[in-house]
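The residues making up each chain are set out below.
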Amino acid sequence: MAEHRRSPKAPDPDSSGLGRRRFLGYLIAAPTLAVGVQWGLQSASPQEAGAAIPSIPQPADLFDLGDLQNLAALPTSGLIGVQVDTAGVAHFALPRAEVGQGITTVTAMMIAEEMDLPLSKVVVTLADARPELLMNQLTGGSNSVRSMYTPIRTAAAIARQQLVAAAAKKWSTPAANLSTRNGFVVHPNGQTLSFGSLTEAAAALVTTVISAPLKKQADFKILGTPQNRIDAHDIVTGRKTYGMDIKVPNALPTMVRRPPTINGTVKSVSNLAAVKAMPGVTDVAIIANGVAVRAATFGQCVDGIRALKVIWGGGTVDGQSDATVAKALKAAELPMVVPPLLTQYVETSFTFAFASNAPLEPDNAIADVRADSAEIWSSLKVPIVAQEAIAANLGLPISAVKVHVAQGGGSFGRHLFHDVAAEAAEISQKMKKPVKLMWSRTDDFRQGRVHPMCTSRVRATYLLGNVVSYEQRHTSVETDFGHGLGEMITATAAHLPIAGNLSFAESIFELTQSVPYNYGITTQLLMESPLKYNTGSMRNIYSPNVVCAQELITDQLAKKMGKDPVVFRREFLKDDRLKACMEKAVQVGQWGKSLPAGVAQGIGLHSEYRGAIACLVELDCRPETVNRKVTDGVTGPRVTKALIVVDAGFALNPRGLEAQMIGGMNDGIALALTSSLHMKDGIPLEGSWDNYFYTRQWNTPLEIQVVIMPPTTGEPSGAGELGVAPSFAAVACAYARATGTMPTTFPINHGTLSFEPYPTEPSTPQSPTDGLDHAF
């Protein structure tokens, strides 16, 4: 259930200064109306409350990762546009990826709002890789809506303005006399002209700079109202086309036999000819990371790759396990600076296991590589980087490689990387045929991307009722940022509020992490251990682990000072928006109510992406709950009630925001209680979703409520990842209060292996023969 209302005390929704300012754009020379747009950087203006020992702002308070992305995109800001066809339909090729987060829906809402069009008259597609956009085609960092709110609306507003001007010319009347409604220009006498009938007259013969005012928020009819996804019907009826559904002539199913360790190599294959002679198999080829088999069906591919006799070379992390990685992280940890000499202190080190970036849709890509060209279809969040790398791998110019961005069935950060598309291109080039590559579930979990194992050590000193210092040393297996964010940091380095020769990872850490409390001298530092796992930026990057540790220590500080956790937070919070979210959560969630022994509440707070959020949960740790039996599943403690209170600035689509928050809550529950990878001998033991215990029906909250705060900034914050960290933290804090023991290793059940691992050879298990889960 979502609550969405405007408070009489809410600030002016147009206080951002957007109001009726005019925004520059371009009329692009085209046979029908086409509009481009230009925009600038938006800065933050945080509100702070007083405290006895205030903390100075951290870099992320001044200029965060989203600001960096906006700045990097600025040079190519004029290269996106809205087009209107003769049927009166507005078309927009979105330079972002849709992976289930609903960005196409909110984009359509923005265009429909500014153009006075029905939502059904807006078509949003995903743009192919456009190298001319440079750094303006990256989906990540909860930045898509935040970065495109003004430019998309500006393009739509200019389109509407030009259509009105064309109608005014036809009717020989001033444009100011005309209005628009539902895709029509309306004359005061009641006459109407459809947008479709005017689009050719409104088109520009040459590209021209033009400006247009944007609607005031008070005049919005679509934005700010709950809307269903524009693709919801296609999704529930099975008509939506994901990457696996795309059909390209002669692109036959293809799979890869993979090594028994991460990034292992092929030394030799003794039966290539015999496998090629198997039923349905058309081609077999040795590639960089395994042996590829192309066949008439995926089932025949599975049979082929399982029959291969391969001798493997070593990988990049052979022999590594959870224990050896933990030892390496301990050795890499940075020292604390503030000595606890004249003060009291709390200090704890927390360990977070590897987690999987595998999306629900198996990784897939289609490639058709010819002698002088290549065409790729795949779900890609950074298609420009993919295009450049694939072109280099194939020995082709970038202009000869066309990359189509497919709709993705989830991502969790996985589609920031293009390795699946690059592998498909490599196979197609070697086989000289189109291929439809699919990774098996086991490939995804064992050779795909993982969120790095990490530790977070925190020391907080306190004296006379105040926190004097807060130090957090986050130590992680190296995170791969070779997907475009690194280039953004290089390009914008002169503008960043950070100094020193920081790595890409350290820079991103500094631009995303900020303690929301006045804890005196505050430092948060990252150190990485250079273990060569295939890592990636899982949803919310560092924040889930960092914030979990921070909120557990905050509860410990409250306990040491003899204060209720909420009372303590109320005294030390810096941000008024975050404090308002907490107070609403306390009220709605009935903080402090009587609960049975073994059941407790926990609260987690977080500010990021220029948004604020409070999560309050009730966790049942009673034996009858923890020990309940579920076939082939993990039970343990259960979150019975969950409340999320979110301030997303201005929520463009409250229904979509609610869905994002519910998803973030389930992510947080999984990371706290059940979801992790167990490393042994250089590879994860998990080999499918059956082994990886994401929050299931028997573990998801029985009651979940989302409260959306009234508009506070006039602009949307980032929201796609905002809910993960405080949800994780709230569950961890509830566990500590319910059991009387603060957890320090996550997920809490990581020490128990609750499944029988698949063999590492062959790399993909045998296919079921009866459509169920029985292979034999």
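Residues numbered from 1 in each chain as written. Predicted model: local features only at pLDDT ≥ 70, side-chain atom pairs only at ≥ 80, totals over all residues. Heavy atoms only, no water.

(A) The arrangement of the overall build of the protein chain in detail. Each helix and strand in the protein chain was counted, giving 20 helices and 32 strands. For the protein chain, whose C-alpha radius of gyration is 27 Å, the value lies close to the compact-globule estimate of 28 Å for 776 residues. For the protein chain, the spread of C-alpha atoms along the principal axes amounts to about 80 × 75 × 50 Å. The proportion of buried residues among the 776 residues of the protein chain is 60%. Partitioning the contacts of the protein chain with sequence separation of at least 6, the portion at a separation of at least 24 is 80%. As presented, the protein chain carries roughly 29,200 Å² of accessible surface, and 55% of it is formed by carbon and sulfur atoms. Side chains of the protein chain give 67 positive and 68 negative charges; the mean places of these two sets differ by 3 Å. (Helix = DSSP H or I, 4+ residues; strand = E, 2+ residues; numbered from the N terminus. Rg over C-alpha atoms; globule rule 2.2 N^0.38 Å. Buried < 20%, exposed > 50% of the residue type's maximum accessible area, 1.4 Å probe, protein only. Contact = heavy atoms within 4.5 Å. Areas by Shrake-Rupley, 256 points an atom, 1.4 Å probe, with all protein chains shown as cover. Lys, Arg positive; Asp, Glu negative; His and termini not counted. Charge placed at Lys NZ, Arg CZ, Asp CG, Glu CD.)

(B) Here's a closer look at the confidence of the model for the protein chain. With 91% of its residues at a pLDDT of 70 or more, the protein chain shows a mean pLDDT of 91. For the stretch residues 39-51, pLDDT sits under 50, and the model shows 31 contacts to residues farther than four places along the chain or on other chains. (pLDDT = per-residue confidence, 0-100.)

(C) Inspection of helix α14 (residues 504-512) at higher detail. Counting buried residues along α14, seven of its nine residues qualify, which places the element largely inside the surrounding structure. Taken as a whole, α14 has its buried residues at Ala 505, Ser 507, Ile 508, Phe 509, Glu 510, Leu 511 and Thr 512.

(D) Representation of the nonpolar core within the structure. Formed by 93 residues in total, the largest nonpolar core has its most connected members in Phe 354, Tyr 519, Tyr 533, Leu 552, Leu 557, Val 646 and Met 661. In terms of residue count, the dominant contributor to this core is helix α20 (residues 724-739) (ten residues). Each residue touching Leu 552, except ones within four places of it in the same chain, is listed here: Phe 350, Ala 732, Cys 733, Ala 736, Met 742, Pro 743 and Phe 746. Core analysis: the next-biggest nonpolar cluster, separate from the first, contains 52 residues, Ala 97, Leu 126, Met 148 and Val 164 among them. (Core = buried A, V, L, I, M, F, W, Y, C linked by side-chain atoms within 4.5 Å.)

(E) Looking closely at the sheet that holds strand β9 (residues 192-194). As summarised here, the arrangement of the three strands in space is β7-β8-β9, forming an open sheet in which the pairing is antiparallel. What marks the edges here is a single partner per strand, and that holds for β7 (179-181) and β9. Between one strand axis and the next, the sheet turns by 30° as a mean value, whatever way the strands run. One ladder, built from three bridges, connects strand β8 (residues 184-186) with β9; its direction is antiparallel. Paired with Val 186 across the two strands is Thr 192, which belongs to β9. Running over the sheet, helix α4 (residues 144-171) touches β7, β8 and β9 and is turned about 50° from β8. (Pairing = 2+ DSSP bridges. Axes fitted to C-alpha atoms, helices over the stretch in contact; angles between N-to-C directions.)

(F) Region of the structure containing the packing of helix α19 (residues 654-673) against α20. Packing of α19 against α20 brings their axes to within 7 Å, and their N-to-C directions diverge by 45°. In terms of orientation, α19 and α20 fall into the oblique class. By crossing handedness, the relation of α19 to α20 is classed as right-handed. Of α20, the residues touching α19 (which contributes Gly 664, Met 665, Asp 667, Gly 668, Ile 669, Leu 671, Ala 672 and Leu 673) are Val 724, Ser 727, Phe 728 and Val 731. Here the contact of α19 with α20 is composed, by residue class, of eight nonpolar, three polar and one charged. (Parallel < 35°, antiparallel > 145°, perpendicular 65-115°, else oblique. Left-handed = near helix turned anticlockwise from the far one by under 90°. Nonpolar A, V, L, I, M, F, W, Y, C, P; charged D, E, K, R; others polar.)

(G) Fine view of the packing of aromatic side chains. Scanning the entire structure with this criterion turns up 18 aromatic pairs. Each ring, one from Phe 354 and one from Tyr 533, has its centre 4.8 Å from the other, and the planes form 45°; the classification is tilted. With Phe 354 in the loop between β16 (344-352) and β17 (355-356) and Tyr 533 in the loop between β25 (521-529) and α15 (543-560), this pair connects stretches of sequence that are 179 residues apart. Judged by its relative accessible area of 0%, Phe 354 is buried. Between Trp 689 and Tyr 692, the aromatic rings sit 5.9 Å apart at their centres with planes inclined by 75°, giving edge-to-face as the arrangement. The two residues Trp 689 and Tyr 692 agree in class, both being buried. Taken together through their ring pairs, the aromatic side chains of Phe 412, Phe 445, Trp 689, Tyr 692 and Tyr 694 make up a single cluster. Across from the ring centre of Tyr 242, 5.7 Å away, lies the NZ or CZ of Lys 240, which sits over that ring. A cation over an aromatic ring shows up here: Arg 414 above the ring of Trp 439, its NZ or CZ 5.3 Å from the ring centre. (Phe/Tyr/Trp six-rings, centres within 6.5 Å; stacked < 30°, edge-to-face > 60°. Lys NZ or Arg CZ within 6 Å of the ring centre and 35° of its normal.)

(H) Examining the pairing of strand β24 (residues 466-477) more closely. Burial analysis of β24 places eleven of its twelve residues in the buried class, the great majority of the element. As paired strands, strand β23 (residues 454-463) and β24 are joined by ten bridges and run antiparallel to one another. Bridge assignment links Ser 456 to a residue of β24, and that residue is His 474. Between β23 and the antiparallel strand that follows it, β24, lie two residues; Leu 464 among them carries a positive phi value of about 55°.

(I) α19, seen in detail. Taking 1.5 Å as the rise per residue, α19 with 20 residues should run 28 Å; its terminal C-alpha atoms sit 29 Å apart, in good agreement. Among the 20 residues of α19, 15 are classified as buried, and the element is accordingly described as predominantly covered. (Expected span 1.5 Å × (residues − 1).)

(J) Structural context of unusual backbone geometry. Cis geometry marks the peptide bond from Phe 746 to Pro 747, where omega comes out at -5°. Note that Pro 747 resides in the segment after β32 (745-746). Of note in this structure, Ser 142 is not a glycine but carries a positive phi near 50°. Relative to the helices and strands, Ser 142 resides in the loop between β6 (122-126) and α4.

(K) Region of the structure containing the environment of Val 420. Tracing the backbone shows Val 420 in helix α11 (residues 419-431). Sequence separation of Val 420 and Gly 611 is 191 residues, and the distance between their C-alpha atoms is 33 Å.

(L) A look at the state of the cysteines. The final tally for this structure, using the stated rule, is zero disulfides. Cys 548 supplies the cysteine sulfur nearest to Cys 454, a cysteine that is in no disulfide, at a spacing of 10.0 Å. Cysteine Cys 615 is unpaired, with the sulfur of Cys 581 as its nearest cysteine sulfur at 9.6 Å. Residue class for Cys 615 comes out buried when judged on its relative accessible area of 0%. (Disulfide = S-S within 2.5 Å.)

(M) Quick peek at the sheet that holds strand β20 (residues 401-405). Strands sit in the order β13-β14-β11-β21-β18-β19-β20 across an open sheet of seven strands; the sheet is mixed. Every interior strand has two partners, whereas the edge strands, β13 (281-287) and β20, have only one. With direction set aside, neighbouring strand axes in the sheet form an average angle of 20°. With four bridges joining them, strand β18 (residues 364-369) and strand β21 (residues 435-438) adopt antiparallel strand pairing.

(N) Summary view of the side chain of Asp 647. When you line up the elements, Asp 647 lands in strand β28 (residues 638-647). A polar atom in the side chain of Asp 647 sits 2.9 Å from the backbone nitrogen of Gly 649. (Polar contact = N/O pair within 3.5 Å; in protein donor to acceptor, adjacent residues only side chain to side chain.)

(O) Spotlight on the pairing of strand β11 (residues 252-257). Most of β11 is tucked away: five of the six residues are buried. Bridge count for β11 against β21 is three bridges, and the pairing is parallel. Bridge pairing in β21 places Leu 252 opposite Val 435. Direction of pairing for β11 relative to strand β14 (residues 290-295): antiparallel, over a ladder of four bridges. Its bridge partner being in β14, Arg 257 is matched across the sheet by Val 291.

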